[in-house]
Structure formats: C-alpha cells, structure tokens
Amino acid sequence: AYAGDKANLYKDLLNSPDPYIKRIAIKNIGDEGFVKLAGRLLPLLETDDDNLRHDLFRALGQLRFAPAGSAIAGALESDSWTLRSVAVKALASIDAMAYLPHLVQGLKDRDWWVRLNSARELSSHIPEQKLRALIPGLNDRYAAEILVFAIDEKKLLKSRGTGQ
C-alpha cells in the first residue's frame, strides 16, 4: 500500500500522457473523496475520449462537485447512451433537485438504460410524493412506467432491508 501523500500522487498522475494511468487517478480521486482535486478534473472534461469522460462524470458525481454540473448536463445530448446514463447518475449525486428537469428528461430518453438510471436516481434522491406528482405531466407512458417501477422497487428493497 502506498504510504505517501495520495492527493499529490493523483495530482501528478493527472498529467500522465498514458490515458489508462490518468483514468486510474480520476477513479481513485472520486472513490477516495479527494474534493480538493475536483477543480483539476474540470479542464479534462473537454476530451473527446468517451471512456475518460465516463470516469470524469463518475468522479465528479461522487465528489458532488457542483461546478461540473452544467458540463455534465450537456452530455445528455450525446449520441452515446452510456455517457448519458453516467451523466444522469452524476447529476443526481451533485444535486438532484437542481437538475430535476434533466433527470426527468432522462426518463424520456430513447435508451432504456438511461431511463432506468434516471428513474432509480430520482427515486433515491427525491421524495416519493413529489415524484408521483410528476407522473401525469410526463406525457410519456414508458417514462411513467419506469418511474413507478423505480419507486416500487425502492419500497420493496427497503421493506426487505436491502435498500436505502
């Protein structure tokens, strides 16, 4: 195990020319909660490397780094369903209420996984009554169904002692 200053190590590794090393540093920054390094991740969001962007979104979401929210929200227009899916999770972690319109937009995504992740994130972060009040205005049968599913799933898992 590394016994030195991990924050300084990760800061140095972010400058690595090897994308794999850079991605490991980003993942560890998020997993280990190094909020003080979050600002160093923002400029990296301008990459064309979708794998790097996935890792950045996850880490910035884990760190609940609000200044990254608008850049992450922009990814909901991406052609990549995996990027959109990671984006809804990150936005919910950063501030689900502030990004509620984006998360609701995710319920209507063309990809089922984005819809499911949006619904699960909404049910994890927003009170049930508020979510149920949104259902009639969705005007999308599948968005409504997946949101009801996520609400019911959360209640079932909670009743079994395995959910939040």
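Calculation notes
Residues numbered from 1 in each chain as written. Predicted model: local features only at pLDDT ≥ 70, side-chain atom pairs only at ≥ 80, totals over all residues. Heavy atoms only, no water. Buried < 20%, exposed > 50% of the residue type's maximum accessible area, 1.4 Å probe, protein only. Helix = DSSP H or I, 4+ residues; strand = E, 2+ residues; numbered from the N terminus. Contact = heavy atoms within 4.5 Å. Core = buried A, V, L, I, M, F, W, Y, C linked by side-chain atoms within 4.5 Å. Expected span 1.5 Å × (residues − 1). Arc of directions from axis to C-beta. Polar contact = N/O pair within 3.5 Å; in protein donor to acceptor, adjacent residues only side chain to side chain.

Q: I'm lost on unusual backbone geometry in this one. Help?
A: What you tend to see is this: most non-glycine residues have negative phi, and most peptide bonds are trans. Its identity is not glycine, yet arginine 64 carries a phi of approximately 55°, on the positive side. A residue is classified by how much of its surface remains accessible, and arginine 64, at 53% relative accessible area, is exposed. Non-glycine residue asparagine 139 carries a positive phi angle of around 55°. Along the polypeptide, asparagine 139 turns up in the loop between α9 (128-138) and α10 (141-159).

Q: Is there a simple way to think about the environment of alanine 98 in this case?
A: Structurally, alanine 98 can be placed in the loop between α6 (81-95) and α7 (100-107). Residues alanine 98 and serine 124 lie 26 residues apart in sequence; the distance between their C-alpha atoms is 15 Å.

Q: Quick question: what am I supposed to make of the side chain of arginine 115 here?
A: Along the polypeptide, arginine 115 turns up in helix α8 (residues 112-125). Among all residues touching arginine 115, those that are not within four sequence positions of it are Gly106, Leu107, Lys108, Asp109, Asp140, Tyr142, Ala143 and Ile146.

Q: Help me understand the nonpolar core, please; the structure alone is not making it clear to me.
A: Buried together is how nonpolar side chains tend to be arranged in soluble globular proteins. Ranked by size, the top nonpolar core spans 52 residues in total, and within it Leu41, Phe57, Ile72 and Leu147 carry the most contacts. Ranked by the residues each element gives to this core, the list is headed by α6, at eight residues. Excluding residues that lie within four positions of it along the chain, leucine 147 makes contacts with Leu107, Ala119, Leu122, Leu131, Ile135 and Leu138.

Q: Please explain helix α2 (residues 19-31) as it appears in this structure.
A: The terminal C-alpha atoms of α2, which comprises 13 residues, lie 18 Å apart, in line with the 18 Å expected from a rise of 1.5 Å per residue. Those residues of α2 that sit buried are Lys22, Ala25, Ile26, Ile29 and Gly30. In a view along the axis of α2, the buried residues occupy a sector of 135°, so they form one face of it. In this structure, the buried residues of α2 make contact with α1 (6-13), α3 (38-41) and α4 (50-62). Capping the start of α2, aspartate 18 holds a side-chain oxygen 2.8 Å from the backbone nitrogen of tyrosine 20, two or three residues further along.

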